[in-house]
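Coordinate inspection notes
Chain by chain, the residues:
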Amino acid sequence: MTMLQGFQIALHALRLNPLRSILTMLGIVIGVASIVTVFAIGSGAQLRLQEQIRSIGANVLMINPGAVYQGGVRLKDGSKLTMTESDVQAILEQIPEIQAAAGSIAGTAQVIHESKNWNTTINGTTTGHFMVRDWQLATGRYFSGSEEAGAGKVVILGSTVAHELFAPGEDPIGAQIRIMKVPLEVVGILDRKGPAQDDVAFVPLTTAKLRFLGSASNINRDSVAYIIAKVAADGQMAGARTEIENLLRQRHRIPAGQEDDFKVQDPAAAMEAQQGAIRTVALLLVAIASVSLLVGGISIMNVMIVSVTERTREIGIRRALGGRMRDIRLQFLCEALVLCLLGGAIGVGAGVTLSMTVARMAGWITSIDGQAIGLALAFSIATGLIFGFYPAHKASKLSPIEALKTE
Amino acid sequence: MTAPQPLISLQSVSRTYRADGVAVTAVRNVSFDIERGEIVAVMGPSGSGKSTLMNMIGLLDLPSEGALYLEGADVADLSEDHRSSLRARSIGFVFQSYNLLARHNAIENVALPLVYCGISRKERLARAEQSLESVGMVHRAHHFPRQLSGGEQQRVAIARALIASPLIVLADEPTGALDSRTGAEILALFAALNRTGQTIVMITHDPGIATQCRRTIRLHDGALVADETLAPIPPERSAAP
Ligand SMILES: Nc1ncnc2c1ncn2[C@@H]1O[C@H](COP(=O)(O)OP(=O)(O)OP(=O)(O)O)[C@@H](O)[C@H]1O
Ligand SMILES: [Mg+2]
């Protein structure tokens with residue numbers, strides 16, 4: 001008997017009992033679907049983080065406000081903007097490892113161009129911001145010195161905002177848009193950096209303070225919400241960080257022993273750590289999903305054992321008519337394999353659909369690669385072979401005479 | 001070398017079952033030959049070892065003692081796989097309870113032994129149709145066993161036994177489940193087959209059926225008690241005892 005005949009007999013047998021066949025496959029379907037989904041979501045999350053790490057730029061330090069004390073009471077981090085534009089100047093001038101630095105304040109607002117509008121992040125900063133993040137222009141120019149100094153009514157758009165406000169083919173450069181009733185001229189459009197980064201509009205820091213965000217009570221004329229700084233070389237990150245900390249403590253007159261009112265962070269390093277965590281969680285989930293594959297395998301074994309018992313007489317007849325032990329084994333092994341392969345294929349379909357639905361509904365990035373699908377299918381074949389072997393072996397070992405006597 | 005070998009030769013064959021430490025000898029020191037073209041009835045009371053003997057002739061079972069030769073070859077020397085393929089090609093079984101596969105139709109049932117001979121599906125079905133034709137059942141080729149009467153099922157089972165042109169057809173009480181008229185029809189079918197040269201061994205309880213066979217072997221308590229060849233003796237075997 002050939003493998004092909006084995007599969008034909010298996011399909012014939014499984015078709016006779018469709019409900020049972022489907023129920024038997026269900027465990028494998030669920031197992032494979034969850035493995036594919038977890039893989040897709042896990043690798044999607046990793047892709048997203050990698051993109052974020054790339055978008056921050058290489059060798060970037062980020063300085064955020066820290067805890068402050070007011071009348072001996074510790075206020076929570078960021079409750080007061082502790083950094084100023086002169087801090088940015090000092091970092092740039094006094095620390096040789098720093099190539100570029102910029103302070104930013106940010107908020108959200110609606111941007112309007114003719115009949116189109118879009119809610120986005122408004123970031124007030126200096127041209128240094130783009131240097132720190134290695135962020136090139138797709139078209140147009142950065143802010144000029146006089147615009148930065150004199151609160152110029154100009155704006156540089158991220159590609160998402162440009163896409164939302166302007167029709168394809170329309171040239172945004174020179175166009176007038178409005179943010180909180182203030183008309184601004186579009187002077188530049190930034191390159192794409194990633195979906196999470198491109199949804200932003202940059203204005204000069206002075207413009208932001210004077211015209212939009214300055215009214216917020218916690219902003220005084222000189223302060224910035226955060227500072228980003230670019231370090232010249234990878235090996236200088238730790239040194240530059242210590243120097244910034246020392247400089248800011250000195251400038252903010254923080255006595256020895258008291259907590260800093262700022263925090264210097266290496267976002268890329270933090271995200272890499274996060275990426276490791278995601279990988280661990282994803283592996284854990286795959287392990288859990290594999291358990292359902294195992295349960296699926298056991299249910300196949302269970303049904304196969306029942307089926308062998310039910311079909312003892314058939315086995316006896318086949319043996320009497322010349323079926324060899326290995327023919328009987330092949331027949332039942334093929335049944336288990338068909339169940340697993342079919343279940344695996346349905347599971348892959350379900351997993352792909354599920355992760356695409358999740359991607360659409362939750363807005364997550366998912367990534368389905370052939371490797372994960374191949375792995376899931378290989379798993380289900382292995383499950384079929386492992387859990388199908390015992391019942392098939394049992395069937396082949398039946399004595400034909402005894403088997404013919406059973407009812 | 002030149003003396004023709006008997007088709008089947010049993011030499012002091014015994015078969016002992018051991019169940020829970022109790023030994024039951026179902027067949028005891030039995031010796032006889034079966035020549036090509038014979039039709040042999042095996043008789044004996046229930047439990048006398050007829051089916052056990054039949055299983056050994058059909059290579060489903062092996063003697064505990066003694067030897068059984070098929071065309072001169074000791075079947076105990078053959079591998080399990082070899083005996084299986086001999087069952088597919090050289091032995092045709094007919095059972096009292098037909099033993100058709102309930103979930104396959106008549107023609108698929110008839111074709112089944114050829115699956116184990118490595119024959120393509122197309123040829124299997126063509127030959128199964130011929131075989132059904134020879135038992136007059138071709139008009140029921142696509143019926144399932146439950147849609148057939150007992151006599152019809154037994155005809156399909158006989159077609160299945162014949163499909164690989166076996167050396168020998170072994171029938172264990174083939175008419176036992178049928179009424180006497182249908183039984184007589186089946187018997188006539190066997191007689192017609194035998195006239196074309198088919199070797200047949202048939203277990204039966206019915207002395208009327210046994211007398212229609214030229215030779216009757218009687219068992220009692222596993223032992224051979226009679227081996228009678230009745231007239232008319234065919235001319236070519238007239239020299240035999
Ligand atoms: N697997 C077995 N284990 C133990 N004893 C067995 C086994 N099979 C048969 N026997 C015994 O061997 C003896 C012969 O059995 P067998 O089936 O050959 O009889 P039979 O002549 O075919 O009977 P019947 O006419 O009722 O079919 C019986 O006593 C039976 O109990
Ligand atoms: Mg019997």
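**Thoughts on the nonpolar core**
Within soluble globular proteins, side chains that are nonpolar generally end up buried alongside one another. Among the nonpolar cores identified, the biggest contains 110 residues, and Leu10, Leu53, Ile57, Ile158 and Phe190 of chain B are the most heavily contacted of them. With 11 residues, the single largest contributor to this core is helix α11 (residues 325–362) of chain A. Grouped together as the second largest cluster of nonpolar side chains are 56 residues, Ala101, Val111, Val161 and Val186 of chain A included.

**Topic: the side chain of Ser355 of chain A**
All names here are of chain A. As for its placement among the helices and strands, Ser355 is situated in helix α11. On the basis of relative accessible area, Ser355 is assigned to the buried category, the value being 0%. A polar side-chain atom of Ser355 sits 2.8 Å from the main-chain carbonyl oxygen of Gly351. Among the polar contacts made by the side chain of Ser355, one reaches the main-chain carbonyl oxygen of Val352 at a distance of 3.2 Å. Setting aside residues no more than four positions away along its own chain, Ser355 makes contact with Thr37, Ala40, Thr366 and Ile368.

**Regarding the pairing of strand β14 (residues 262–265) of chain A**
Residues and elements named next belong to chain A. With burial as the criterion, only one face of β14 is covered, namely that bearing Phe262 and Val264; the residues Lys263 and Gln265 on the opposite face remain uncovered. Where strand β1 (residues 60–65) lies against β14, four bridges are found, and the strand directions are antiparallel. The residue bridging Pro65 from the neighbouring strand is Phe262, located in β14.

**Let's talk about the sheet that holds strand β5 (residues 73–74) of chain B**
Hydrogen bonds between backbone atoms are what pair the strands of a sheet, whose relative direction is either parallel or antiparallel. Residues and elements named next belong to chain B. A sheet is described by the order of its strands in space; here four strands give the open sequence β2-β1-β4-β5, paired in antiparallel fashion. Strands with a single pairing partner mark the edges of an open sheet, and in this sheet they are β2 (22–34) and β5. Judged from the five bridges that link them, strand β1 (residues 8–19) and strand β4 (residues 65–70) form a sheet pairing that is antiparallel. Each residue of the ladder has a partner; that of Ile8, found in β4, is Leu70. Running at roughly 60 degrees to β2, helix α1 (residues 50–57) makes contact with β1, β2 and β4 of the sheet.

**Here's the deal with the domain arrangement of chain A**
Taken domain by domain, chain A comprises domain 1 (3–52 + 272–405) and domain 2 (81–260). Of note, the centres of domain 1 of chain A and domain 2 of chain A, computed from C-alpha atoms alone, are 54 Å apart.

**Some thoughts on the site of ligand 1**
Around ligand 1, a shell composed of 14 residues is seen, among which Ser46, Gly47, Lys50, Ser51 and Thr52 of chain B lie nearest. Those chains with residues close to ligand 1 are chains A and B. A distance of 3.2 Å is found between a nitrogen atom of ligand 1 and a side-chain nitrogen or oxygen belonging to Glu402 of chain A. Protein contacts shield 69% of the accessible area of ligand 1, which totals 630 Å² for the unbound molecule. Those elements that provide at least two residues to the shell around ligand 1 are α13 (400–405) of chain A together with α1 of chain B. In terms of residue count, α1 of chain B provides more of the shell around ligand 1 than any other element does, three residues in total. Its residues assigned to classes, the shell around ligand 1 shows three nonpolar, seven polar and four charged.

**What about the interface of chain A and chain B?**
Chain A puts 22 residues into the contact, and the matching count from chain B is 25 residues. Taken together, both faces of the contact between chain A and chain B bury some 2200 Å²; the carbon and sulfur share is 57%. Counting the surface chain A buries against chain B, the share from its top three residues, Arg318, Leu321 and Ile401 of chain A, is 27%. The tally of links between chain A and chain B comes to two salt bridges. Here Arg326 of chain A and Asp81 of chain B are joined by a salt bridge, their closest N and O atoms 2.5 Å apart. One can count eight residue pairs in polar contact (both at pLDDT 80 or more) joining chain A with chain B. Broken down by secondary-structure element, the contributors of at least two residues to the side of chain A that touches chain B are α1 (3–15), α10 (312–320), α11 and α13 of chain A. Element by element, the count of residues in the side of chain A that touches chain B is highest for α10 of chain A, at six residues. Taken together, the residues of the side of chain A that touches chain B sort by class into nine nonpolar, five polar and eight charged.

**Digging into the pairing of strand β13 (residues 226–231) of chain A**
All names here are of chain A. With respect to burial, β13 is a largely interior element, six of its six residues being buried. Burial of the side chains of β13 extends over both faces: Tyr226, Ile228 and Lys230 are buried on one face and Ile227, Ala229 and Val231 on the other. Both β1 and β13 contribute to a ladder of four bridges, which runs antiparallel. Paired with Met62 across the two strands is Ile228, which belongs to β13. Summarising the sheet, strand β5 (residues 98–113) and β13 pair through six bridges and their orientation is antiparallel. Paired with Gly103 across the two strands is Ile227, which belongs to β13.

What counts and what doesn't
Residue numbers run consecutively from 1 along every chain, following the written order of its sequence. For this description, chains carry letters from A and ligands carry numbers from 1, given in the order in which they are written. Selection of residues for local features in this predicted model requires a pLDDT of at least 70, selection of side-chain atom pairs for listing and counting requires 80 or more, and totals for whole chains, interfaces and linings are taken over all residues. Excluded from the side-chain calculations are hydrogens and water; all other atoms, namely the structure's heavy atoms, are used. Among buried residues, those of type Ala, Val, Leu, Ile, Met, Phe, Trp, Tyr and Cys that are joined through side-chain atoms within 4.5 Å constitute a nonpolar core. To sort residues, take the accessible area from a 1.4 Å probe on protein chains only and compare it with the maximum for the residue type: under 20% means buried, over 50% means exposed, and anything in between is partly exposed. Numbering of helices and strands starts at the N terminus; helices are DSSP runs of H or I of at least 4 residues and strands are runs of E of at least 2. Counted as a polar contact is a pair of N or O atoms within 3.5 Å, where, for protein atoms, one must be capable of donating a hydrogen and the other of accepting one, and residues adjacent in sequence contribute only when both atoms are in side chains. Any two residues whose heavy atoms approach within 4.5 Å at even a single point are treated as in contact. Strand pairing requires that DSSP identify at least two bridges connecting the strands. Here the axes come from fitting lines to C-alpha atoms, over the contacting stretch only for helices, and the angles between their N-to-C directions go from 0 to 180 degrees. Residue ranges for the domains trace back to a domain assignment, done automatically or taken from a database. Any residue with a non-hydrogen atom lying within 4 Å of a molecule or strand is treated as near it. Note on areas: Shrake-Rupley, 1.4 Å probe, and residue coverage restricted to the protein chains presented here. Under this grouping Gly is polar, as are all residues other than the nonpolar Ala, Val, Leu, Ile, Met, Phe, Trp, Tyr, Cys and Pro and the charged Asp, Glu, Lys and Arg. A quick way to say it: buried area is the sum, across both parts, of accessible area lost when two parts are put together, with a 1.4 Å probe. Here, a salt bridge means any Lys or Arg side-chain nitrogen found within 4 Å of an Asp or Glu carboxyl oxygen.

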